[in-house]
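Summary of the model geometry
Residue strings, one per chain:
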Amino acid sequence: MERITIDPITRLEGHGKIEIFLDPEGNVANTYFQIPELRGFESFCVGRPVEEVPILTNRICGVCPEAHHMAGAKAADAVYHVDPPSTAKKLRELLYSAFFVTDHTTHFYALAGPDFIMGPDAPVAERNILGVIHKVGLEIGGKVIQCRKYGHTVVEMIGGRKVHPCTSIPGGLTKGITEEQRQEIEKMGRWAIEFAQFSLKLFNDIVLGNQAYVDLILGDIYTHHTYYIGTVDENNKVNFYDGKVSVVDPEGKRLGKYGPSEYTDWIAEHVEPWTYLKFPYLKKVGWKGFVDGKDSGVYMATPLSRLNASDGMATPLAQAEYEKFYSTLGGKPVHQRLTIHWARLVELLYAAERWVELASDPEITSDNFRTIPTEKPTEGVGIVEAPRGTLTHHYWTDERGITTKVNLIVGTTNNYAPISMSIKKAAQSLITKGTVVTEGLLNRVEMAFRAYDPCFGCATHSLPGQMPLEVTIRDHEGKTVDVLKQYC
Amino acid sequence: MDFSKIIIIGLGNPLLGDDGVGWRVAEQVRELCEVDLDCLSVGGLSLMERLVGYDRAVLIDAITTGKQPTGSVSLYKLEDLPDLSAGHTGSAHDTSLQNALKLGQSMGVQLPTEVVVVGIEAQSVYEFSEVLSPPVAAAIPQAVQMVMELLK
């Protein structure tokens, strides 16, 4: 097979490119998925004071600025070897919990919802948030908007801005909250708990109550047996803001846990010549290729991974849902990728309960929200769980605190290998012996992506909702058989 | 029309080179007159939420049609721009502004009946930079002028 050279110009096109190679019989031999990576952030940050970087990283990604801000804030704390006071950590986690509620809600109703509530065979024009609201009722649309409003209000109160927070600095925050704000935040949190429970019930009634959907979820096409990672607290319960990253094997056995400063002992990056993005894998297991199994270092980081990598949820209502999740699906760990959508709702409930827990904590209104750093800055790592997976920020500075180097492992990067494997499986189901089923192909491939919730919005920087995709199918001599395109 | 409530929104990411032009134009408009104005880096649902309570909205943003010279300034009606998520759940985090407006309107929320976009044809929106390319920077006065005309 010929070597493929990537022309640097392609990275500016801003869409996903997939190359499918057929073997001499006309079956899928290999697929190559090229993510155009938004590059230059690392060089852009060099020379900036490190306390600016968490505010700059807000703008890497229009989808989860809060996650980048928090990972950056924790990295900046680590660079200065400073431990923020308990109130600052709780306020940050409170902001973060409200953000998670907003993000998970939007994801489920606006975009995952259409795959299930409308169904993958529904007319294309109805498979969007309007179709969902039409089917479930306008009142629910109103609740979704209300939920987003509450979440953004909390982010604004603690973070200074509705979507792009800016109050985290090395050692803590620039401000705290008043008792009046605390009461408002608690009230909104209680509403969020009810809404999360309602959403789980909706999923139960509409999705789990429909055999066709259940078959789709449990089907082999989106199932892979890989390692799973996710942050857990000291009791091994899921935590989005802080803790250690737990790593479990495809049978559910814990390989270990690592703290931020140890991530380079656990995660390495594999390079392939045909794409800019590297493939993270577990160093202790080794890179064995794009394959499933206990001997392959491929791992996944998603809501499903977090549930698989933990021993449970830290709040009672979410814990009950966690137990129901696993008992329904036949035990731990669960490998079907489409169940990520359900796992996301379990997390939604936890985030809402945590919101109320933190808002009710007497320390939350304390004015001790900053520890002034005293040590010389050097290097630091901050890890949080972004809604779509473990997010790592690693900053290096000189002795004045001026940034000299930045390394980021973002959610989608973690999942690059699993996504590639899922795409191959999707392609294999639709291409046999030279026959290509073109209408279903792009949709199946997209559904494989959507389950992982990839950061395409950030890479393509295109209008929200678009997933520009170009799929080229080549025969075993490399000659183009077909090109399928959407939005590019 | 004189009494209709209008909002001007500069859109874009100020760290992505030419994508920051929307903010630059909006900032100049802010210096020239008293009008409700905001600089945002959001789209879809979040952008719709910002338009609540207004009759008209003017959005200023970089655009990459690839069909006109860099620095061209054009006026578009929102409904004439392609709706890339009509029936298409490509992104897992949002929907198009057109869809989001329909959603809000269907729930009885007060949203603008007229949304126009002042688009500046951009060159480089994929690289991190705080500097605009020269043709895009040169287009700022023309874009400001277009917005001021819309406010009359």
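A tally of helices and strands in chain A yields 16 helices and 17 strands. Counting over 488 residues, chain A shows a buried share of 55%. Sequence separation of 24 or more characterises 70% of the internal contacts of chain A that already satisfy a separation of 6 or more.

When its secondary structure is counted, chain B shows five helices and five strands. For chain B, the C-alpha atoms occupy an extent of roughly 45 × 40 × 25 Å along the three principal directions. Of the contacts formed within chain B by residues at least 6 apart in sequence, a portion of 78% connects residues at least 24 apart.

Time to look at the sheet that holds strand 13 (residues 403–409) of chain A. All names here are of chain A. Pairing within the open sheet is antiparallel, and its three strands lie in the order 11-12-13. Two strands lie at the open edges of the sheet, namely strand 11 (379–386) and strand 13, each paired on one side alone. In this sheet, adjacent strand axes meet at a mean angle of 15° when their direction is disregarded. Sheet topology note: the strand 12 (residues 389–397)/strand 13 ladder contains six bridges and is antiparallel. Opposite H393, over in strand 13, you have L408 as the bridge partner. The strands touched by helix 3 (residues 65–79) are strand 11 and strand 12; relative to strand 11, the strand with the most contacts, the crossing angle is about 155°.

Turning our attention to unusual backbone geometry. Residues and elements named next belong to chain A. Here the bond from K332 into P333 is cis, since omega is -15°, no more than 30 degrees from zero. Here P333 is to be found in the loop between helix 11 (316–329) and helix 12 (340–359). Unlike most non-glycine residues, H81 shows phi in positive territory, near 50°. With respect to the element layout, H81 can be found in the loop between helix 3 and helix 4 (86–118).

Attention now goes to the confidence of the model for chain B. Model confidence for chain B is summarised by a mean pLDDT of 88, while 91% of its residues fall at 70 or above. Both confidence scores are given for the complex: pTM 0.88, ipTM 0.82.

Quick look at the sheet that holds strand 7 (residues 254–258) of chain A now. Residues and elements named next belong to chain A. If you trace the four strands from one edge of the open sheet to the other, you get 7-6-5-10, paired in mixed fashion. Edge strands, defined here as strands with exactly one partner in the open sheet, are strand 7 and strand 10 (299–300). Taken together, the five bridges between strand 5 (residues 227–232) and strand 6 (residues 244–248) define a ladder with antiparallel strand orientation. Looking across to strand 6, one finds that G230 is bridged to S246.

Once that is clear, we can look at the environment of S305 of chain A. All names here are of chain A. As for its placement among the helices and strands, S305 is situated in helix 10 (residues 303–309). Of the residues examined, S305 has 29 C-beta atoms within 10 Å and is grouped as buried. In the structure, S305 is positioned 20 residues away from V285 in sequence and 18 Å away in space, judged by C-alpha atoms. When neighbours within four sequence positions are excluded, S305 is seen to be in contact with Y228, I229, G230 and M300.

Bringing helix 11 of chain A into the picture now. Residue and element names in this part refer to chain A. If you check helix 11, its first and last C-alpha atoms are 20 Å apart, about what 14 residues at 1.5 Å a residue would give, namely 20 Å. Where the residues of helix 11 are buried, they touch helix 7 (179–208), helix 10 and helix 12. One or two residues past the end of helix 11 sits G330, with phi positive at roughly 90°.

What follows covers the nonpolar core. Counting residues in each nonpolar core, the largest one holds 174 residues, and the members touching the most others are A192, V346, A352 and W355 of chain A together with I60, A143 and V147 of chain B. Ranked by residue count, the leading element in this core is helix 12 of chain A, at 14 residues. When residues of this core are assigned to domains, at least three fall in each of domain 1 (8–38 + 415–486) and domain 2 (83–223 + 336–372) of chain A. Contact partners of I60 of chain B, with chain neighbours within four places excluded, come to I9, G10, L11, G22, V25, A26, V118, A143 and V147 of chain B.

With that out of the way, let us pick up the pairing of strand 2 (residues 36–40) of chain B. Residue and element names in this part refer to chain B. Taken together, the five bridges between strand 1 (residues 6–11) and strand 2 define a ladder with parallel strand orientation. Looking at strand 2, one finds that I8 is bridged to L37. The handedness of the strand 1 to strand 2 crossover, carried by helix 1 (residues 21–32), is right-handed.

Residues and elements named next belong to chain B. Relative orientation of the contacting elements helix 1 and helix 5 (residues 140–150) amounts to 55°, with a least axis distance of 9 Å. Considering their axes alone, helix 1 and helix 5 lie oblique with respect to each other. Seen along the crossing, helix 1 lies across helix 5 with a hand that is right-handed. Contacts between helix 1 and helix 5 pair V21, R24, V25, Q28, V29 and L32 from the former with I140, A143, V144, V147 and M148 from the latter. Among the residues making up the contact of helix 1 with helix 5, the classes are represented as nine nonpolar, one polar and one charged.

Our focus in this paragraph is the confidence of the model for chain A. Residue and element names in this part refer to chain A. Chain-level pLDDT for chain A is 86 on average; 86% of the residues reach the 70-or-more range. The lowest-confidence element of chain A is helix 16 (residues 456–460), averaging 43 in pLDDT; the highest-confidence one is strand 6, averaging 98. Note on residues 1–14: pLDDT under 50 across the span, and 20 contacts to partners over four residues away in sequence or across chains. Note that residues 457–466 has pLDDT below 50 and, in this model, 48 contacts with residues that lie over four places away or in other chains.

This brings us to the environment of F44 of chain A. Residues and elements named next belong to chain A. By the element assignment, F44 lies in helix 1 (residues 41–45). Judged by C-beta crowding, with 20 C-beta atoms within 10 Å, F44 ranks as buried. Distance from F44 to F279, taken between C-alpha atoms, is 23 Å for residues 235 residues apart in sequence.

Right, let's get into the packing of helix 11 of chain A against helix 12 of chain A. All names here are of chain A. For the pair helix 11 and helix 12, interaxial distance at closest approach is 8 Å and the crossing angle is 165°. By the criterion of interaxial angle, the relationship of helix 11 to helix 12 is roughly antiparallel. The hand of the helix 11/helix 12 crossing is left-handed. Contacts between helix 11 and helix 12 pair L317, A318, E321, Y322 and F325 from the former with W342, A343, V346, L349, Y350 and E353 from the latter. Looking at side-chain class alone, the contact of helix 11 with helix 12 contains nine nonpolar, no polar and two charged residues.

Conventions used here
Residues numbered from 1 in each chain as written. Chains lettered and ligands numbered in written order. Predicted model: local features only at pLDDT ≥ 70, side-chain atom pairs only at ≥ 80, totals over all residues. Helix = DSSP H or I, 4+ residues; strand = E, 2+ residues; numbered from the N terminus. Buried ≥ 20, exposed ≤ 12 C-beta atoms within 10 Å, placed from the backbone. Contact = placed C-beta atoms within 7 Å. Pairing = 2+ DSSP bridges. Axes fitted to C-alpha atoms, helices over the stretch in contact; angles between N-to-C directions. pLDDT = per-residue confidence, 0-100. Expected span 1.5 Å × (residues − 1). Core = buried A, V, L, I, M, F, W, Y, C linked by C-beta atoms within 7 Å. Domains from an automatic or database assignment. Right-handed = clockwise from strand over helix to strand, strands pointing away. Parallel < 35°, antiparallel > 145°, perpendicular 65-115°, else oblique. Left-handed = near helix turned anticlockwise from the far one by under 90°. Nonpolar A, V, L, I, M, F, W, Y, C, P; charged D, E, K, R; others polar.

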